[in-house]
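Listed below are the residues making up each chain.
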Amino acid sequence: MFTGIVQTQASVVSAILNDGVMRLVLSVGNEHLQQLTIGASIAVNGCCLTVVQFETSQSDVVGQVSFDVIDESLKLTNLGELKCGNKVNFERSVTFGTELGGHIVSGHIHDMATVDCVVKTAENVKIKLLLDASWAKYVFYKGFIAVNGASLTVGEVDEDGFWLHLIPETLSITNIGKVQDGDKLNIEVDQQTYTIVNTVEHYLRKNTLNPIG
């Protein structure tokens, strides 16, 4: 489980595909690898991955952590497009006592949204994202959504997607502020919204097929 509060950006050292599985190696500050164990969960661009190897160095402030990304994750997320030098959002899993500053995020990506346009002003950045209708129905004005693992509040909602309004802190901590038109971003809809929408749809279908009276 995660909070959607991105802790830092990690750099891709290598992303090698072999027999449908990608070995992803990231470099990140040693402080983000403290008390880490093999098998631990880390959200990389919002996708929950399992640590298979890591190393820190007393002579360097940067360590490395490795993951195996299976074909299903490569198909549903933007991890398969990663190249050496790319920056990814990095969040360790929640521990007892962690402040829940964002919203509950599972790390299970539902779909990818496409960047339609980026509007930059002196104060912030607005991004329009296009999302398939099957998932857009779970996106509401002022609702929660996780984009590349970052817990964000939905701005305006259009027929084909929605807008994000990014503050300077989000721009500095995450990789979302560097996106360009056509980029793919990982999307996880809010679980509570997902449950409510599906429950209402099920209720309406049931009463349409079996009207009361």
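Going by the structure above, here's the rest.
Residues numbered from 1 in each chain as written. Predicted model: local features only at pLDDT ≥ 70, side-chain atom pairs only at ≥ 80, totals over all residues. Heavy atoms only, no water.

### A look at the overall build of the protein chain
The test is simple: Helix and strand assignments follow DSSP, with helices taken as H or I runs no shorter than four residues and strands as E runs no shorter than two, numbered in order from the N terminus. As a reference, a globule follows 2.2 Å times the number of residues to the power 0.38, and the radius of gyration itself is taken over C-alpha atoms. Each residue's exposure class comes from its accessible area (1.4 Å probe, protein chains only) as a fraction of the maximum for that residue type: buried when under 20%, exposed when over 50%, partly exposed otherwise. Contacts are assigned to residue pairs that have any heavy atoms within 4.5 Å of one another. Each accessible area is a Shrake-Rupley result for a 1.4 Å probe, and residues are judged covered by the shown protein chains and nothing else. Charged residues are defined here as Lys and Arg on the positive side and Asp and Glu on the negative side; His and the ends of the chain fall outside this count. For charged residues, the charge sits on one atom: NZ in Lys, CZ in Arg, CG in Asp, CD in Glu.
Along the backbone of the protein chain there are 4 helices and 12 strands. Against the compact-globule benchmark of 17 Å for 213 residues, the protein chain has a radius of gyration of 18 Å, which places it among compact chains. Dimensions of the protein chain along its principal axes, counting C-alpha atoms only, are 75 × 40 × 40 Å. Across the 213 residues that make up the protein chain, the buried fraction comes to 43%. Long-range contacts, defined here as pairs at least 24 residues apart, represent 69% of the contacts in the protein chain between residues at least 6 apart. Working note: accessible area of the protein chain is about 11600 Å², and carbon and sulfur atoms make up 54% of it. Side-chain charges in the protein chain split into 14 positive and 24 negative, and the spacing between the mean points of these groups amounts to 3 Å.

### Some thoughts on the environment of Val94
Structurally, Val94 is set in the loop between strand 6 (87-92) and strand 7 (111-120). Between the C-alpha atoms of Val94 and Val105, which are 11 residues apart in sequence, the distance is 9.9 Å.

### Structural notes on the side chain of Asn186
Selection criterion: As used in this structure description, the phrase polar contact means that two N or O atoms lie within 3.5 Å; if the pair is within protein, one of them must be able to donate a hydrogen and the other to accept it, and residues adjacent in sequence are counted only when both atoms belong to side chains.
Tracing the sequence through the fold places Asn186 in strand 12 (residues 184-189). At 2.8 Å, the side chain of Asn186 forms a polar contact with the backbone nitrogen of Asn78.

### Overview of the nonpolar core
Rules: We call a set of buried Ala, Val, Leu, Ile, Met, Phe, Trp, Tyr and Cys residues a nonpolar core when their side-chain atoms join them within 4.5 Å.
Core analysis: the biggest nonpolar cluster contains 24 residues, and Ile127, Leu129, Ile145, Val147, Phe162, Leu164 and Ile187 have the highest contact counts within it. Among the secondary structure elements, those contributing two or more residues to this core are strand 7, strand 8 (125-130), strand 9 (144-147), strand 10 (150-157), strand 11 (161-166) and strand 12. The next biggest cluster of nonpolar side chains, apart from the first, holds 23 residues, and it includes Leu36, Phe67, Leu74 and Leu82.

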